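Working through the structure, step by step
Take a look at the letters that make up each chain.
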Amino acid sequence: MIASSNGRPKTGLSQGKTASPVATPYLNRDATPVAQILARAIEQTDDAVMITRSDGVIEYVNPGFERITGYRAGDIIGRRPSILASGMHPPAFYSELWRTLGRGESFRSVFTNRRSSGELYYEEKTISPIRGADEAISHFVATGKDVTERIAAERRLEYLANYDALTGLPNRSLLHDRLAQAIQRAHRLGKGVAVQFVDLDRFKLINDTLGHNAGDRVLIEAASRLRQCLRATDTVARLGGDEFILIQEGVGNPDEVEQVARKVLDAFAPCFPVAPPQGLFVSVSVGLALYPGDGLTPDELLMRADLAMYRAKEGGRNSFRFFEAAMDASAMRTLTLEAAIRGALDNREFAVVYQPIIDTRTQRPIAVEALMRWHSPVHGTVPPDHFIPLLEENGMIVPVSRWALRQALRQVRTLQCAGQPALRLAFNLSSRQFRDVELLQDVTAALDEAGFDPTLLELELTESALMDNPDASAAVLEALRARGIRVAVDDFGTGYSSLAYLMRFPVRTLKIDRSFVYQMERSKEAATIVRAIASLARSLGLELIGEGVENVGQLALLQEVGCHQVQGFLFSRPVTGAELALSFPH
Ligand code: C2E
Ligand code: CA
Ligand code: CA
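Residues numbered from 1 in each chain as written. Chains lettered and ligands numbered in written order. Predicted model: local features only at pLDDT ≥ 70, side-chain atom pairs only at ≥ 80, totals over all residues. Heavy atoms only, no water.

1. Some details on the sheet that holds strand β4 (residues 120-131)
A sheet is described by the order of its strands in space; here five strands give the open sequence β2-β1-β5-β4-β3, paired in antiparallel fashion. Because the sheet does not close on itself, it has two edges, and the strands there are β2 (58-61) and β3 (107-114). When the angles between neighbouring strand axes are averaged without regard to direction, this sheet yields 25°. Pairing of β3 with β4, which is carried by eight bridges, proceeds in the antiparallel orientation. Residue Thr112 lies in a different strand from β4, and its bridge partner there is Tyr122. Relative to β3, helix α4 (residues 91-102) is tilted by about 140°, and along the sheet it contacts β3, β4 and β5 (137-146). (Pairing = 2+ DSSP bridges. Helix = DSSP H or I, 4+ residues; strand = E, 2+ residues; numbered from the N terminus. Axes fitted to C-alpha atoms, helices over the stretch in contact; angles between N-to-C directions. Contact = heavy atoms within 4.5 Å.)

Below is the structure:
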């Protein structure tokens, strides 16, 4: 119920201390007791009661009506109920009302009406005909409840159930409905539907480094850019997190889909007005699946667009990929790999190989990087890029890596004892391991067991592993440093490459990602980036390693910018421990 401003119900009728409590044509002191009680009931109910003549002219309204509508009885008696009309109901609504009443039946509905203040409200109203002694309809009585709050709450709930509160886009549940409808329409019209799976690149990093507020602003801006890529009749939905879905209807051929995908990539080219003054560049990866070719149900299409999106990301972000049947096959392969890897540690299928890191000034190896191999009896030798993510997912990365570290420490310790006393071991840690609470304890125990000098161990971490949780990272890195263990940033240049965090973390070494080394010879831009990384490393007092050096041209360029530690096929492929021992002069 709507309370009046002074907290007391306003009646507007003459309820003064001296006047009788009731003063309308219907209620008088001479009425019978029953009639008086009836009259009081109407006067005192919270509901709005309005009585009109059969021609619609208002003869009576109760205090409840005055409270709800804001009109005083004196102002409204003699007028027509249309004074409450909001203009929100189509004419058909009123003709249905009059038809029903004309049949002598009650009409019941939720009316959208307007108060005297102009404000809209919802009234759940029943209008019934009143018959006189001659059975003819003499009046209508309308009783109503103000249900504005209830309807607003229902609408809000319905909205929340179907729309994403942050961006205002349809959510996963409404997306499913829309996609199912789009499929039905396409089936009827013999047209195609395209599902575009759009995922922001490195969104987690934005959230972690700039905070959730900035993350939210990026999502809102992304939503509005995506909306502009489609016609008003197509759907843009937010699946959750940084994942969006575009449904493009009436598709005749893949070119039309590709056009929209390009439009999406272009829409993200301009800088986002977040984190001023320099702003933020946010790219997206897009996976495309088409009805009916790639799937017949919403779930199938979404899954395949998702797979294609992952391939787009693997292929170097800021790009789009169409789903191909081969992707499903490789997803299947992942499933069988996943099953096969479970027994791999017990079956001794893992091995560690080593790739030397050379100091070009002395031409001698200063370190070796341990790289894991999986020799599966079923799948052959599986590259680490394929099986490390599986180990991370199923949690085996911790025990497998614990084993690999002990193995590597033992083998390198043997080399140190055999005449390479200062040889360092570089060992890769994935982000999951880096977050493992037992990391320090495990590493310390392995060092002690092998009798290995901690200052000759360097742990390699990618930027994203460090940035996953910068505060926790800082603490772990500090603890490692306190034990004398070195830390290198692996694949440097591919991630966030933020100076601010480099200053904050106690790292010793930057490893320039091999994609830069590879491009350096051809691309001025890549060469400039490498030069910038080199001068950055110098000014921060960091060591620099160039990875993936395959030819003398790359070597020359690296030396020119002042990078004297290199690693790559030009010097040696990764080799087994035994081969490594042979390669050192005795
Ligand atoms: P990474 O740490 O960047 O390792 C260097 C990769 O570059 C190795 O690939 C190496 O064989 C390759 N490489 C070395 N020189 C050249 C070259 O001249 N040209 C080219 N094209 N490639 C070269 P690999 O062994 O396949 O390892 C791939 C990635 O798997 C590694 O990248 C590392 O991130 C991960 N990884 C390997 N072993 C382990 C491990 O024990 N633990 C963890 N967490 N990750 C590992
Ligand atoms: Ca590495
Ligand atoms: Ca690397």
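2. Things to note about empty space enclosed by the protein
The full count for this structure, using the stated rule, is one cavity of 30 Å³ or more. Quantified by volume, the largest cavity comes out at close to 100 Å³. Lining the largest cavity, in full, are Val398, Ser401, Arg402, Leu405, Phe427, Leu429, Gln433, Asp436, Leu439, Asp442 and Val443. Element by element, the count of residues in the lining of the largest cavity is highest for helix α13 (residues 397-417), at four residues. Here the lining of the largest cavity is composed, by residue class, of six nonpolar, two polar and three charged. (1 Å grid on protein atoms, 1.4 Å probe; cavity = no way out; pocket = protein on both sides within 12 Å on 5 of 7 lines; lining within 4 Å. Points joined across faces, edges and corners; volume = space filled by probe spheres on them. Nonpolar A, V, L, I, M, F, W, Y, C, P; charged D, E, K, R; others polar.)

3. Here we look at the coordination of the calcium ion (ligand 3)
All of the protein donors around the calcium ion (ligand 3) are Asp490 (OD), Asp491 (OD), Glu547 (OE) and Glu547 (OE); their distances to the metal are 2.2 to 2.4 Å. In this structure, the calcium ion (ligand 3) is positioned 3.9 Å from the calcium ion (ligand 2), and both are ligated by Asp490. One end of the pair, Asp490, is in strand β16 (residues 486-492); the other, Glu547, is in the loop between β18 (543-546) and α21 (552-560), and 57 residues separate them in sequence. (Donors = N, O, S within 2.8 Å, 3.2 Å for Na, K, Ca; no water.)

4. Regarding the sheet that holds strand β7 (residues 235-240)
Overall, mixed pairing links the five strands, which are arranged β7-β8-β6-β9-β10 in an open sheet. Of all the strands in the sheet, just β7 and β10 (320-322) have a single pairing partner and so form its edges. The sheet shows a mean angle of 20° between the axes of neighbouring strands, direction not considered. Strands β6 (192-200), β7, β8 (243-251) and β9 (284-291) of the sheet are contacted by helix α6 (residues 172-189), whose axis makes an angle of about 15° with β8.

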